[in-house]
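# Understanding the architecture of this molecule
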Amino acid sequence: MLNTRCFLTLLLGALAACSGSAPSSEQRVVVFGVDGLDPEMLLERMAQGMMPNFSKLAETSAVVPLGTSWPPQSPVAWSNFITGVNPGKHGLYDFIHVDRHNYGVLSSMSNTEDVGMEMSLFGYKLPLTGGGQKLTRQFPAFWEVLSEAGVPVYVHRMPANYPMGETTAITFPDMGAPDLAGAASGKAFLWSESEARADKDSDSYYIRKVSLNRRKVKDGLGLAKFYANFYGPENTMLDQDDAMAKLHHQEELKHAAEVSGDVAAAKLAGNAIAKLTASMASEREVATPFTGFVDTRETVAQFSADIAGRIAIAQEGQWSDWVQVDFEMIPGLVTLSGWTRFLFKSANPVEVYASPIQIDPWNPAMPVSTPDTASADLADAIGPYYTQGFPDAYKSYKADLLTTSEFVSQSDTVFDERGLMMEYALDQLDATGGMLFFYTGSLDLRCHMLWHCQDEKHPHQEEPGEYQGLPYEQQIDRVYQQVDTMLGRLVERLDTMEADGNPVKLIVMSDHGFAPFRRKMHVNDWLVQEGYLVLKDGKTSGSVSVHAKLADGSVDWSQADVDWSQSKAYTVGFNGIILNRVGREPQGTVTDQEADALLDEMAKKLMQLQDADGTQILSRVLPASVAYSGPMLDSAPDLQLGFNVGYGASDECAIGSVTGEGVLANNDSRWSGSHLMDPDLVKGTLVIRGQSKVGLTPSLEDITATLYNLFSVQGPAGLDGQSLLNP
């Protein structure tokens, strides 16, 4: 079914073809965005001779710290750069935003529209209007403004830009773009015969036990096989109205029984709810079977998979090529296509991993580029590729589906793929001129996940090992060197363009730096301890947003764990405290007249917090009115937490939980490096080729203003940045 956006894209493309040649520009500007490139870490490695291409660039160009965002979280920082304004104007304050209808959790980057008109057909409900995702950013992106002014713009992998807005620029999203199942960071697969594994599902992976048929195996050698499934997106088109009505009825019965104290009736209704929920989920599940073969007859074992006649092959310890996987959503009518790659982890016991199913760039179920056809053009040039954001498998590594070597190996495949994308993007720029933004995120994710390998003080420690001849403690050095090699190739291509008489301005930048994350703070536990967040009698832990959300979406406040009538503040997200304000929160208690004094009181207490060894936990705490300015100020958490080096908010804060474990705990996790701290402690990096001095103290917003200056384009009204060009 051709949606409205696809039709408009095709129509605009046809009109452009009829109206003449594509736009071109004599000016050429490249922004190389390296997520997480830390200025101090970079300079240290340059001094040690690890970064020859950065060192050569530094002969004529200053390497300076770059001011990052409050808070220094990737979606916030990249949005500052995208727009040239602070969060008070673009509206993104965290990875997580609170749902102010029910204290629940929302994505900061996008929201889903309610379904409008529907058509029922053969037991399916097909949405005719609504139901799509919408970008939450509230200020124009630089590529929208530049392309509207006639500048050719190529944006290859921009974080915090999904779903993409309408634009004539060629753009590809990164962080925020989902896999085919709709998982923001992808949902991977692991099949195992190991006794140490058990069937398990999460929001980021499926683990399934498999039994191998070994009838052809003799003396431990031979060919064995197993049967397994890939799971696709839930079939939300199924008409389940009758089942939903039954579920709602049982929820009402359960609540009535609990109020009356009828334990037996409440248990009976609870069991019915569980069965109905499981049955509905099973009906929505869409699976595609495959057969796995394990051949141990040769020196190196080999795995092969047969997916409806499509074959993928990998030797032990290696990755297969991409292979297509189809999911039949409505038999004979709707089929969704995707791509995956297998890692043959082990032959004894057999363990096979598969990357999340990527949206098919040739036939995308959801747009993964603008225009929609650009994703196919890229795939024609380099083959199938990771269309999801955050393609480095950090969640699989964090959950121990991958070893350290396997994680770095998978991240290498992503980095190599980015190299191919960069060559393609440079070809585009060379042909038309204009502006290119090119992004790589592997350094950021490896610093997050591998910091513990190089940090003896970190609570999380593992057995030492090595990958490609380097010990794990040198793998962060290695990814810095990989980025340096990519920069060298980029400069080589730009030098070729300049030799042809086409000068190119190069800006290298990062959104933030890095630091260790050794101790985590349960912010809601601190709020409970200080009396700002009040739990109901008998409650010692649980989610701040725990309430009985019924099948029709309504809220039963009587079942919440929190006594909102007595609560003044709460946390949902990683770097802020939110006041329970009258007129803004659904059960608000704090008036505007009380807010400033309450914020000042909490800030003073927080700044006095110390760890057991006397280390100050927070280096700065600011009210939102000081950190931000603009029409979106009221959407921000009221108090911004600037953690000291080594400290950060726990994962439980993000979903608004009270743990009952106390205020501070060791961060015993592979997610061991971070930047969710005081922005002055984790600044980004800026290098402008040929500019030996930068007059201003530069910020992310200043780079945006510089781009407008370079192309002599007037930026939007209200821009916060200033141009960094020499006067």
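Residues numbered from 1 in each chain as written. Predicted model: local features only at pLDDT ≥ 70, side-chain atom pairs only at ≥ 80, totals over all residues. Heavy atoms only, no water.

For the chain, the helix and strand inventory stands at 18 helices and 39 strands. In terms of overall dimensions, the chain is globule-like: its C-alpha atoms have a radius of gyration of 26 Å, near the 27 Å expected for 727 residues. For the chain, the C-alpha atoms occupy an extent of roughly 85 × 75 × 60 Å along the three principal directions. Here the chain, with 727 residues, has 57% of them falling under the buried criterion. Taking all contacts inside the chain whose residues are at least 6 apart in sequence as the whole, residues at least 24 apart take part in 69%. With the model as given, the accessible surface of the chain reaches about 30,300 Å², and the carbon-plus-sulfur share is 51%. (Helix = DSSP H or I, 4+ residues; strand = E, 2+ residues; numbered from the N terminus. Rg over C-alpha atoms; globule rule 2.2 N^0.38 Å. Buried < 20%, exposed > 50% of the residue type's maximum accessible area, 1.4 Å probe, protein only. Contact = heavy atoms within 4.5 Å. Areas by Shrake-Rupley, 256 points an atom, 1.4 Å probe, with all protein chains shown as cover.)

Here five strands make up an open sheet; going across it, the order is S12-S13-S11-S21-S20 and the pairing mixed. The strands lining the two open edges of the sheet, one partner per strand, are strand S12 (200-201) and strand S20 (342-347). Looking at chain direction, strand S11 (residues 188-192) and strand S13 (residues 205-209) are connected through five bridges and run parallel. Each residue of the ladder has a partner; that of Ser192, found in S13, is Lys209. (Pairing = 2+ DSSP bridges.)

Here the focus is the packing of aromatic side chains. Applying the stated rule across the entire model yields 34 aromatic pairs. Note on Phe226 and Phe290: the rings are 6.1 Å apart at their centroids and 80° apart in plane angle, and the pair reads as edge-to-face. Taken as a pair, Phe226 in strand S14 (residues 223-231) and Phe290 in strand S15 (residues 287-295) lie far apart in primary sequence, 64 residues in all. Summarising the burial analysis for this pair, Phe226 and Phe290 share the class buried. Summarising the aromatic geometry, the rings of Trp451 and Phe514 are spaced 6.3 Å apart at their centres and angled 20° between planes, so their arrangement reads as stacked. Here the residue Trp451 occupies a position in helix H12 (residues 442-454), and Phe514 occupies one in the loop between strand S26 (504-509) and strand S27 (515-521), the gap between them amounting to 63 residues. Each of the two residues, Trp451 as well as Phe514, counts as buried. One aromatic cluster in this structure is built from Phe189, Trp191, Tyr206, Phe226, Phe230, Tyr231, Phe290, Phe303, Phe342 and Phe344. Over the aromatic face of Tyr480 sits the side chain of Arg45, whose NZ or CZ is 5.0 Å from the ring centroid. (Phe/Tyr/Trp six-rings, centres within 6.5 Å; stacked < 30°, edge-to-face > 60°. Lys NZ or Arg CZ within 6 Å of the ring centre and 35° of its normal.)

This brings us to the pattern of salt bridges. Scanning all chains against the criterion turns up 36 salt bridges. One salt bridge connects Lys89 with Asp720, and the closest N-O pair in it is separated by 2.7 Å. One end of the pair, Lys89, is in helix H5 (residues 87-90); the other, Asp720, is in the segment after helix H18 (700-710), with 631 residues separating them in the sequence. Bridged by salt links that share partners, the residues Arg100, Arg581, Arg584, Glu585, Asp592, Asp634 and Asp638 form one connected network. (Salt bridge = Lys/Arg side-chain N within 4 Å of Asp/Glu carboxyl O.)

Another aspect to go through is the sheet that holds strand S18 (residues 323-330). Judged by pairing direction, the sheet is antiparallel, and its three strands sit side by side in the order S18-S19-S22 without closing on themselves. Of all strands in the sheet, those with a lone pairing partner are S18 and strand S22 (358-359), marking the two edges. Sheet topology note: the strand S19 (residues 334-340)/S22 ladder contains two bridges and is antiparallel. What sits directly across from Trp339, in S22, is Gln358.

With that out of the way, let us pick up helix H11 (residues 404-432). The end-to-end C-alpha distance of H11 is 42 Å, a good match for the 42 Å that 29 residues give at a rise of 1.5 Å each. Downstream of H11 by one or two residues, Gly433 has phi in the positive range, about 75°. (Expected span 1.5 Å × (residues − 1).)

Right, let's get into the packing of H12 against helix H13 (residues 475-499). Remark: H12 packs on H13, axes separated minimally by 8 Å, with the N-to-C direction vectors making an angle of 160°. Between H12 and H13, the crossing angle belongs to the class labelled roughly antiparallel. In this structure, H12 contributes Ser442, Leu443, Arg446, Cys447, Leu450, Trp451 and Gln454 to the contact, and H13 contributes Gln475, Ile476, Arg478, Val479, Tyr480, Gln482 and Val483. Of the residues that constitute the contact of H12 with H13, the class distribution is eight nonpolar, four polar and two charged. (Axes fitted to C-alpha atoms, helices over the stretch in contact; angles between N-to-C directions. Parallel < 35°, antiparallel > 145°, perpendicular 65-115°, else oblique. Nonpolar A, V, L, I, M, F, W, Y, C, P; charged D, E, K, R; others polar.)

A few words now on the pairing of strand S17 (residues 310-315). Bridging between strand S16 (residues 302-307) and S17 involves six bridges; their strand directions are antiparallel. Each residue of the ladder has a partner; that of Ser304, found in S17, is Ile313. Linking S16 back to S17 in an antiparallel pair, the connection comprises two residues, with Ala308 at a positive phi of about 55°.

Judged by nonpolar contacts, the single largest core of 62 residues is most densely connected at Phe32, Phe54, Tyr480, Leu487, Leu490 and Leu506. Per element, the largest residue contribution to this core is 10 residues, and it comes from H13. Setting aside residues up to four positions removed in sequence, Leu487 forms contacts with Phe32, Asn53, Phe54, Leu57, Leu506 and Val508. In terms of nonpolar packing, the next biggest core, distinct from the first, is built from 44 residues, Val98, Leu598, Met602 and Phe643 among them. (Core = buried A, V, L, I, M, F, W, Y, C linked by side-chain atoms within 4.5 Å.)

Bringing unusual backbone geometry into the picture now. Asn348 connects to Pro349 through a cis peptide bond whose omega is 0°. Counting through the fold element by element, Pro349 comes out in the loop between S20 and strand S21 (350-354). With an omega of -10°, the peptide bond between Thr370 and Pro371 qualifies as cis. With phi around 75°, Arg157 is a residue other than glycine that occupies positive phi space. Structurally, Arg157 can be placed in strand S9 (residues 153-158). According to the relative accessible area criterion, Arg157 is buried, its value standing at 2%. Of note in the backbone geometry, Ala160 takes a positive phi value of approximately 55° without being a glycine. With respect to the element layout, Ala160 can be found in the loop between S9 and strand S10 (170-173). Owing to a relative accessible area of 2%, Ala160 belongs among the buried residues under this scheme.

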